[in-house]
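Descriptive analysis of the structure
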Amino acid sequence: MGLHCSDCAFSSFTYHEDAKMYQGSCSRGYTLTNPHVERSPQNHFAETREGLVPTVDPFGAEYLRTSNVCERFLLPRDANGRGRGHARHHA
């Protein structure tokens, strides 16, 4: 299946009960959106956390990714006590 932003120590996700969808953020500054939806703000939501990927880099430019994760991806177990910094919400 591979790794996704949803597996990264820098990500945080919220589930919106009304929309029945997830919204995500990255504490490293990447904008996480659904690349299959063109219109904003609809593209900021996805049916699963894994559907949200980095599409804008921390400098506001288009993020030209070659995978579902950025070069700063970090598994929580490898964070060396730095912690996630954000609560992770599940449905």
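Worth saying up front: this structure is predicted, and the values here are computed from it rather than measured. (Residues numbered from 1 in each chain as written. Predicted model: local features only at pLDDT ≥ 70, side-chain atom pairs only at ≥ 80, totals over all residues. Heavy atoms only, no water.)

This part is about the confidence of the model for the protein chain. Residues with a pLDDT of 70 or more make up 87% of the protein chain, whose mean pLDDT is 85. Within the protein chain, the lowest mean pLDDT, 92, falls on strand β4 (residues 53-56), and the highest, 97, falls on strand β2 (residues 21-26). Predicted confidence for residues 83-91 stays below pLDDT 50, and this span has 18 contacts to residues more than four positions away or in other chains. (pLDDT = per-residue confidence, 0-100. Helix = DSSP H or I, 4+ residues; strand = E, 2+ residues; numbered from the N terminus. Contact = heavy atoms within 4.5 Å.)

Moving on: the nonpolar core. Counting 18 residues, the largest nonpolar core has Phe13, Leu32 and Leu52 as its most contacted members. Look past the residues within four positions of Leu32 in its chain and what remains in contact with it is Cys5, Phe13, Gly24, Ser25, Cys26, His44, Leu52, Val53 and Pro54. (Core = buried A, V, L, I, M, F, W, Y, C linked by side-chain atoms within 4.5 Å. Buried < 20%, exposed > 50% of the residue type's maximum accessible area, 1.4 Å probe, protein only.)

Tracing the backbone through its elements, the reader meets Ser11 in strand β1 (residues 11-16). On the basis of relative accessibility, which here comes to 2%, the residue Ser11 falls in the buried class.

With that settled, consider the pattern of salt bridges. By the definition in use, this model includes 2 salt bridges. The salt bridge partner of Asp78 is Arg77, with a shortest N-O separation of 3.9 Å. Accessibility expressed as a relative area gives 37% for Asp78, which makes it partly exposed. (Salt bridge = Lys/Arg side-chain N within 4 Å of Asp/Glu carboxyl O.)

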